[in-house]
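# Per-entry structural report
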Amino acid sequence: MFRDELYKPDTIEDFHDESEQNADDLPRLFERPPTSSHADVPVHHPYLTMPDAEHVSASDLAMTRLVVGIFAFETTRTIRDRVHKLRGG
Amino acid sequence: MIVPVTDKQLAALRARLAGKHEEHKKLFGQLDWPVDGEGYTALHDAAFFEAVDRRFGSQTSAEDIIGYVADVRARTERAGEVIDPDIAERLIAKVLGRGSVGEVDPRAAFTARQYLLVALVVDAGYDDAGLDEFLGEARKTADEWLA
């Protein structure tokens, strides 16, 4: 049990001494707010903003072209394979 | 003979946990330590047990405990000097049913419990009624230990 492991009757005087030695410092714990809590700080604008849709960069266009190109290539190949199979190829 | 926690012992600890420094010094000085020491330390330990149990859950990780002890040690210069982090972490873990504290230095362990108890109560932010309820639970536990 917690108490059984910690309590040693022959050290009871030490507890008294420790209590007196820390008596002037322990009240200082009341002086500052704990770091484990936090206060909400109001802000005037959101920290996160949506990207501006009107400004599309060159890299966005290049990526779009690449994706469309791959999609078109794969679709064409699939259709060609199916037609080939239907013709008994 | 079974001697439960007395109102005097409770009042002394309550003053400390309420931040009433001068009142605590006065009441603590009025304790007859050879008579009151066992009851006062039992109440103190029971309050520590209750405070840890309320602050930390069974899912508390070792990192959470280490972080809390580091936070308390950083609150005053002396706290950083006198709290042994290993002992403080083991004390919290023991309340959560992990490990053992049987072989730790009793004096260092008491110092750690003193700081941690005050910090835990400050963090809990009890009002007068809340502090009375908290100490009422601690007193029940202490009386069971002393029986």
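What counts, and where the lines are drawn
- Residues numbered from 1 in each chain as written.
- Chains lettered and ligands numbered in written order.
- Predicted model: local features only at pLDDT ≥ 70, side-chain atom pairs only at ≥ 80, totals over all residues.
- Helix = DSSP H or I, 4+ residues; strand = E, 2+ residues; numbered from the N terminus.
- Buried ≥ 20, exposed ≤ 12 C-beta atoms within 10 Å, placed from the backbone.
- Rg over C-alpha atoms; globule rule 2.2 N^0.38 Å.
- Contact = placed C-beta atoms within 7 Å.
- Nonpolar A, V, L, I, M, F, W, Y, C, P; charged D, E, K, R; others polar.
- Core = buried A, V, L, I, M, F, W, Y, C linked by C-beta atoms within 7 Å.
- pLDDT = per-residue confidence, 0-100.
- Expected span 1.5 Å × (residues − 1).
- Axes fitted to C-alpha atoms, helices over the stretch in contact; angles between N-to-C directions.
- Parallel < 35°, antiparallel > 145°, perpendicular 65-115°, else oblique.
- Left-handed = near helix turned anticlockwise from the far one by under 90°.

## Notes on the overall build of chain A
- Across its full length, chain A holds three helices and zero strands.
- For chain A, the succession of helices and strands along the chain, N to C, is α-α-α.
- Here chain A holds 89 residues, and 8% of them are scored as buried.

## So, the overall build of chain B
- A count of helices and strands for chain B gives eight helices and zero strands.
- The C-alpha radius of gyration of chain B comes to 15 Å, within 12% of the 15 Å expected for a compact globule of 147 residues.
- Structurally, chain B occupies a C-alpha span of about 40 × 30 × 30 Å along its principal axes.
- Across the 147 residues in chain B, those meeting the buried criterion constitute 41%.
- Intrachain contacts of chain B at a sequence separation of at least 6 include 70% that bridge at least 24 residues.

## So, the interface of chain A and chain B
- At the junction of the two partners, chain A supplies 25 residues and chain B supplies 34 residues.
- Broken down by secondary-structure element, the contributors of at least two residues to the side of chain A that touches chain B are helix 1 (2–6) and helix 2 (12–21) of chain A.
- Broken down by element, the side of chain A that touches chain B gets its largest block of residues, six residues, from helix 2 of chain A.
- Among the residues making up the side of chain A that touches chain B, the classes are represented as eleven nonpolar, six polar and eight charged.

## Details of the nonpolar core
All names here are of chain B.
- Ranked by size, the top nonpolar core spans 43 residues in total, and within it L43, A47, Y115 and L116 carry the most contacts.
- Elements represented by at least two residues in this core include exactly helix 1 (7–17), helix 3 (33–55), helix 4 (62–73), helix 6 (85–95), helix 7 (106–124) and helix 8 (128–146).
- Broken down by element, the residue count for this core peaks at ten residues, all from helix 7.
- For L43, the residues in contact, after removing those within four places along its chain, are V5, Q9, L10, L13, A138, R139 and A142.

## Some thoughts on the environment of L135(B)
Residue and element names in this part refer to chain B.
- As for its position among the elements, L135 is in helix 8.
- Note: C-alpha distance between L135 and I92 (43 residues apart in sequence) is 19 Å.
- Once residues lying within four places of it in the same chain are set aside, the contact partners of L135 are L10, R14 and A47.

## What to know about the environment of R75(B)
All names here are of chain B.
- Secondary-structure assignment places R75 in the loop between helix 4 and helix 5 (77–82).
- For R75, a count of 22 C-beta atoms within 10 Å corresponds to the buried category.
- Spatially, the C-alpha atoms of R75 and Y115 are 9.9 Å apart, while their sequence positions differ by 40 residues.

## Things to note about the confidence of the model for chain B
- The share of residues in chain B with pLDDT of 70 or more is 99%, and the mean pLDDT across the chain is 94.
- Interface confidence in the predicted complex, given as ipTM, is 0.87; pTM for the same model is 0.75.

## Comments concerning helix 7 of chain B
- Between its first and last C-alpha atoms helix 7 of chain B spans 26 Å; for 19 residues at 1.5 Å apiece the expected length is 27 Å, and the two agree.
- G125(B) occupies a position one or two residues after helix 7 of chain B and carries a positive phi of about 65°.

## A short note on the environment of A88(B)
All names here are of chain B.
- With respect to the secondary-structure elements, A88 resides in helix 6.
- Judged by the 26 C-beta atoms lying within 10 Å of it, A88 falls in the buried class.
- Measuring from C-alpha to C-alpha, the distance between A88 and A129 comes to 28 Å, with 41 residues separating the pair along the chain.
- Beyond its immediate sequence surroundings of up to four residues, A88 is in contact with V69, I83, A112 and L116.

## Considering the packing of helix 3 of chain B against helix 8 of chain B
Residue and element names in this part refer to chain B.
- Between helix 3 and helix 8, the least distance of the axes is 8 Å, while the angle of their chain directions is 125°. Classified by the interaxial angle, the pair formed by helix 3 and helix 8 is oblique. Seen from above, helix 3 lies across helix 8 with right-handed handedness. Of helix 8, the residues touching helix 3 (which contributes G39, A42, L43, A46, A47, F49 and E50) are F134, L135, E137, A138, R139, T141, A142, W145 and L146.

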